[in-house]
Amino acid sequence: MRVLADRIRGVERRVRYLGLGLVVLAAGFLLTGRWQLALGVAVGALLGWVLTDPVRITWAVFVIAFAVPVTIDVGYPTNPSYALLLVLFLLAAWGRVLRAERDGWPPKALAAALLLPACAVLAGLVHWHGVKPIAVGVAPLLCFGVLAWHLAEEARHDRRTVRRIAEALTWFSVAVAVFAKYQTASRSWPIFDQFAYDWTYTSAFDATRAVGLSGHPIIYGTFAMAMVLVALTLRGRFWYVPVTANLVGLVLSGTRSAWVGTVLALGVWLFLQWRKVSWRGLGATAAVAAVTFTLVAVNPPALRPDTTTAAPTPSPAAPAASSAAPAPESPAATPSPAAPSPAAPAPPAASSLPPEPVAPTPAAPTASAVDSVDVAGSRISDPASADARLTRMSVVWDGITRDWSTVVFGNGPEANVRFLENVGIGDGQAQVFDNTYLTFWYNFGLIGLACLLALLVLLYRHLRSLPARLLLVGFAAQIFFFDVWLWLGAVAVLLLAVALGAADNPSLSARALPVPRRRQPGAQAAARPRQPAAGAAAGSGSAPAARPGSAGTSGPS
């Protein structure tokens, strides 16, 4: 209490008055029944507190990206993905402003941040469809570039903070995995079933798969994959607990793309660490695998769905068509009807596509819980999703190879959205391309795809930390199976890799500190340590002066 009191007394008087005024204002709104305004005051005060310190900004970026779902609309002025992405962009930009005097503006970091947005602008100029598509297509790439720059700079100067954030996320993911287990055992998605802005983000779509805090099983699978790799490589205290918990969540999510990314990343880990393989490690691996299988297979009777109450019937939302709505991989293997993508509403009646399906009424849950092991096995054996992706690849390839300009420069920003809205893919599945690389090529051409691949390769080459490299491998593999850019929780995996890599490689994102030039032999003989001015050496004690010609200065400055 004394420490807290000292901190309060240490705050400036005007800041204390401002905080007291905000508390009174929020309390007044609550007393009058206007809780939305009180919540707005609280969120504004919290953001104001965060914006005063770049370290808090770094924490806030990962908390917002991983913990705030874009599948819930609480009244944002625009699509949730863009609204939260704008908040992250403002946080990162202000963090760079606070650090501008210390870091300057490193040209390499600026070039990396602006490379992909420049490709989008070039594609938009070659295939002109107006200013709006260029702005909408460039905005996410620019925001993520600035976010990566900010996080890399902060990690370069404060390695401990980034590692603390990563370890905190692994333990946070344990709680999320417990929630995921509850979702599959109870066959419901609390919060998301009540507040999701589209029925495809509720348990009516597929109650057998866990979504964690993301609102979609694919994005939760991405998060679980990342936390497995981070916990395994950082090896914090009791690291095997988050590893096991996230392996359970990874299986319960039913996300095959995350499974592929995890397997490839673990293969790289074994290749880089094969000399450290031991019988003890093999035994620990077998124990983790056995516990994971047990936790996946066991369904506590207390969590089984209640058969006495009728299942709620979700009402299909009909929001206005928005090109910003995220739409991940096609859920072709799910038992429910084909899900419409918010990014691609039903085309006009003249189209040959089937009409947009309506939300189904889920059957009453049975007393027996879902066998999660059988569900995971069916995800592996069902070829429907693979067939859907092959169909999409052929459609995208036809659009890419239309002529030489579409091969080199693409069809322009948001071209995939225009195609899906006006033409579509007539297979009854979700209207998405489901491949970040092909979508990038379709929109921004071979130039854009080459820049994207070059960035990933250069990051892997320059990132010296093992966690960063494994995250990059898993991310690069997984985005082959879905479109990633408007899912903050998925792109945050790439941002976390950049931050962890920059923490172990100070030369990644900023200019190296200048090295003092050595004195010439003649100047060394004539050099004499400067005597400190009166009062300048107060408190310095009896520290000896540096030797002439050493790497440091010749005397106290």
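Residues numbered from 1 in each chain as written. Predicted model: local features only at pLDDT ≥ 70, side-chain atom pairs only at ≥ 80, totals over all residues. Heavy atoms only, no water.

Student: What's the story with the overall build of the protein chain in this structure? I'm lost.
Tutor: Tallying secondary structure elements over the protein chain gives 22 helices and zero strands in all. Burial statistics for the protein chain: of 557 residues in total, 47% are counted as buried. Across the protein chain, every contact between residues at least 6 apart in sequence was considered, and the portion connecting residues at least 24 apart equals 78%. Carbon and sulfur atoms make up 66% of the accessible area of the protein chain, which amounts to about 27900 Å² in all. (Helix = DSSP H or I, 4+ residues; strand = E, 2+ residues; numbered from the N terminus. Buried < 20%, exposed > 50% of the residue type's maximum accessible area, 1.4 Å probe, protein only. Contact = heavy atoms within 4.5 Å. Areas by Shrake-Rupley, 256 points an atom, 1.4 Å probe, with all protein chains shown as cover.)

Student: It is not clear to me how helix 19 (residues 436–462) should be interpreted in this structure. Could you clarify?
Tutor: Spacing of three or four residues puts side chains on the same side of an α-helix, whose turn is 3.6 residues. The end-to-end C-alpha separation of helix 19 is 23 Å, well short of the 39 Å expected for 27 residues at 1.5 Å each. The largest bend along helix 19 measures about 130 degrees and falls at Phe444. If you check the start of helix 19, you find a side-chain oxygen 3.0 Å away from the backbone N of Tyr437, and it comes from Asn435. (Expected span 1.5 Å × (residues − 1). Bend = angle between axes of the 7 residues up to and from the residue. Polar contact = N/O pair within 3.5 Å; in protein donor to acceptor, adjacent residues only side chain to side chain.)

Student: Could you clarify how one ought to interpret helix 12 (residues 240–253) in this entry?
Tutor: Under the 1.5 Å per step criterion, the end-to-end length of helix 12 is 20 Å for 14 residues, consistent within 8% with the ideal 20 Å. Among all positions in helix 12, only Pro242, Val243, Thr244, Ala245, Asn246, Val248, Gly249, Leu250, Leu252 and Ser253 are buried. Looking one or two residues past helix 12, Gly254 carries a phi angle of roughly 65 degrees, positive in sign.

Student: Would you mind going over the side chain of Asn416 with me for this structure?
Tutor: Tracing the backbone through its elements, the reader meets Asn416 in helix 18 (residues 415–422). With residues up to four places along the chain from it excluded, the contact list for Asn416 reads Phe433, Thr439, Tyr442 and Asn443.

Student: Teacher, can you tell me more about the pattern of salt bridges here?
Tutor: Applying the stated criterion across every chain yields a total of two salt bridges. Here Arg96 ties to Glu154 by a salt bridge, and the two come within 2.8 Å at their closest N and O atoms. A residue pair is termed long-range when its members are at least 10 positions apart, and Arg96 in helix 5 (residues 80–98) and Glu154 in helix 8 (residues 131–157) qualify at 58 residues. Neither residue differs from the other here; Arg96 and Glu154 are each classed as buried. (Salt bridge = Lys/Arg side-chain N within 4 Å of Asp/Glu carboxyl O.)

Student: Would you take a moment to explain the packing of aromatic side chains for this structure?
Tutor: How two aromatic rings sit relative to each other is given by the distance of their centres and the angle of their planes. For the structure on display, the rule yields 18 aromatic pairs. Seen from their ring centres, Phe144 and Trp485 are 6.2 Å apart, and the 35 degrees between their planes marks the pair as tilted. Of this pair, Phe144 sits in helix 8 while Trp485 sits in the loop between helix 20 (466–478) and helix 21 (488–504), and the two are 341 residues apart along the sequence. Across the pair, Trp485 and Phe144 agree in class, each one buried. Taking 6.4 Å as the distance between ring centres and 70 degrees as the angle between the ring planes, the aromatic pair formed by Phe172 and Phe223 counts as edge-to-face. (Phe/Tyr/Trp six-rings, centres within 6.5 Å; stacked < 30°, edge-to-face > 60°.)

Student: Quick question: what am I supposed to make of the packing of helix 9 (residues 159–186) against helix 12 here?
Tutor: Working note: a packed helix pair is described by the angle between its axes plus the distance between those axes. Packing of helix 9 against helix 12 leaves a shortest axis separation of 8 Å and a crossing angle of 35 degrees. As helix 9 packs across helix 12, the resulting crossing turns out to be left-handed. Across the interface between the two elements, Thr170, Trp171, Ser173, Val174, Ala177, Ala180, Lys181 and Thr184 of helix 9 pack against Val241, Pro242, Ala245, Asn246 and Leu252 of helix 12. (Axes fitted to C-alpha atoms, helices over the stretch in contact; angles between N-to-C directions. Left-handed = near helix turned anticlockwise from the far one by under 90°.)

Student: How should I be thinking about the nonpolar core in this particular structure?
Tutor: Among soluble globular proteins, nonpolar side chains are generally buried collectively. With 111 residues, the main nonpolar core has Leu471, Trp485 and Leu496 as its most contacted residues. The biggest single contributor to this core is helix 21, with 14 residues. Beyond its immediate stretch of four places on either side in the chain, Trp485 contacts Leu116, Leu141, Phe144, Thr436, Phe440, Leu452 and Val491. Ranked by size, the runner-up nonpolar core spans five residues in total, among them Phe179, Trp189, Phe192 and Val211. (Core = buried A, V, L, I, M, F, W, Y, C linked by side-chain atoms within 4.5 Å.)

Student: Can you help me understand the state of the cysteines in this one?
Tutor: Joining two cysteines, a disulfide is a covalent bond between their sulfur atoms. This model, assessed by the stated rule, comprises zero disulfides. Just so you know, Cys119 is unpaired, no disulfide at all, and the nearest cysteine sulfur is the one on Cys451, 3.4 Å from it. (Disulfide = S-S within 2.5 Å.)

Student: Quick question: what am I supposed to make of the packing of helix 16 (residues 384–400) against helix 19 here?
Tutor: The geometry of helix 16 relative to helix 19 is characterised by a closest axis approach of 9 Å and an angle of 25 degrees between their N-to-C directions. Judged by the angle between their axes, helix 16 and helix 19 are roughly parallel. Read as a crossing pair, helix 16 and helix 19 show a hand that is left-handed. Residue-level inspection shows Met393, Val396, Trp397, Gly399 and Ile400 of helix 16 in contact with helix 19, the latter providing Leu438, Trp441 and Tyr442. Residue composition of the contact of helix 16 with helix 19, by class: seven nonpolar, one polar and no charged. (Parallel < 35°, antiparallel > 145°, perpendicular 65-115°, else oblique. Nonpolar A, V, L, I, M, F, W, Y, C, P; charged D, E, K, R; others polar.)

Student: Help me understand the environment of Ala26, please; the structure alone is not making it clear to me.
Tutor: Relative to the assigned elements, Ala26 resides in helix 2 (residues 13–31). The sequence separation of Ala26 and Gly40 amounts to 14 residues, and the corresponding C-alpha distance is 8.6 Å. Excluding anything up to four places from it in sequence, Ala26 contacts Ala38 and Val41.

Student: Got a minute to help me understand the confidence of the model for the protein chain in this structure?
Tutor: A low pLDDT score tells you not to read the predicted coordinates there in detail. When pLDDT is averaged across the protein chain, the result is 75; 73% of the residues are at 70 or more. The low-confidence segment residues 328–358 (pLDDT under 50) makes 82 contacts with residues lying over four places distant or belonging to another chain. Note that pLDDT drops below 50 for residues 509–557; the model gives that stretch 29 contacts with residues more than four away or on any other chain. (pLDDT = per-residue confidence, 0-100.)

Student: How should the side chain of Ser465 be read in this particular structure?
Tutor: If you trace the backbone, Ser465 turns up in the loop between helix 19 and helix 20. Judged by its relative accessible area of 4%, Ser465 is buried. Polar contacts involving the side chain of Ser465 include one to the main-chain amide nitrogen of Ala468, which spans 3.4 Å. Ignoring sequence-local partners within four residues, the contact set of Ser465 consists of Leu500, Gly501 and Asp504.

Student: Please explain unusual backbone geometry as it appears in this structure.
Tutor: With the exception of glycine, most residues fall at negative phi, and the peptide bonds are largely trans. One non-glycine residue, Arg235, adopts positive backbone phi at about 55 degrees. With respect to the helices, strands and loops of the structure, Arg235 is situated in the loop between helix 11 (217–234) and helix 12. Within the chain, Glu414 stands out as a residue other than glycine whose phi angle is a positive 65 degrees.

Student: Please clarify how the environment of Leu494 should be interpreted in this entry.
Tutor: Tracing the backbone shows Leu494 in helix 21. The spatial distance from the C-alpha of Leu494 to the C-alpha of Ala226 is 9.4 Å, given a sequence separation of 268 residues. Once residues within four sequence positions are removed from consideration, Leu494 is found in contact with Leu456, Leu459, Leu472 and Phe475.

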